[in-house]
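These are the residues of each chain, in order.
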Amino acid sequence: MTIQEFTANYKLQFNQTVDGDNATFIANAIDRATNTVVASQNVSFSIGKMNQGIRDSQSPISINELTANDVIDYTKRLSTDLLCRRYQVIDYFPLNKDTDIYQLQD
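Predicted model, so just to flag it, every value in this text is computed and none were measured.

Digging into the pattern of salt bridges
Line of reasoning, step 1. Across all of its chains, the model carries three salt bridges by this definition.
Line of reasoning, step 2. We note a salt bridge from Arg85 to Asp81, for which the minimum N-O separation is 2.8 Å. Here Asp81 and Arg85 lie together in helix H3 (residues 68-86), a separation of four residues that amounts to about one turn.
Line of reasoning, step 3. Asp81 sits in the buried class, given a relative accessible area of 10%.
Line of reasoning, step 4. What emerges from the salt-bridge pattern is a single network uniting Asp73, Arg77 and Lys97.

Put into structure tokens, the structure is as follows:
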């Protein structure tokens with residue numbers, strides 16, 4: 001399926017809650033014809049624990065502290081990638097920062 005076919009039939013809805021150090025993120029694929037959720041991806045994490053793990057790794061990314069917005073954007077991209085893989089969307093790369101994943105929302 002192409003991204004055009006996917007967006008003709010489905011839209012993505014992102015819901016997020018950040019409560020202090022804890023974040024919960026839900027990505028839903030919604031069928032446009034019936035307006036029902038046909039697939040969902042749920043993620044919960046601690047931003048502080050994630051940052052500590054990155055610092056402890058001493059990898060190149062550990063030089064910069066991640067903000068909540070950085071983590072949420074990456075989580076949206078990862079969830080979008082997983083949902084697009086489920087529907088076998090070809091030639092669409094949501095993990096690439098240059099890809100506009102927000103076009104999939106309505």
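Concerning a nonpolar patch on the surface
Line of reasoning, step 1. A surface patch of nonpolar side chains, amounting to about 340 Å² of accessible area, comprises Tyr74, Leu78, Leu82 and Leu95.
Line of reasoning, step 2. Position of Leu95 among the secondary structure elements: in the segment after H3.

Cut-offs and rules
- Residues numbered from 1 in each chain as written.
- Predicted model: local features only at pLDDT ≥ 70, side-chain atom pairs only at ≥ 80, totals over all residues.
- Heavy atoms only, no water.
- Salt bridge = Lys/Arg side-chain N within 4 Å of Asp/Glu carboxyl O.
- Helix = DSSP H or I, 4+ residues; strand = E, 2+ residues; numbered from the N terminus.
- Buried < 20%, exposed > 50% of the residue type's maximum accessible area, 1.4 Å probe, protein only.
- Patch = residues over 30% accessible without salt bridge, like charges linked within 9 Å, V, L, I, M, F, W, Y side chains within 5 Å.
- Areas by Shrake-Rupley, 256 points an atom, 1.4 Å probe, with all protein chains shown as cover.

On their own, these measurements won't tell you what the molecule is for.
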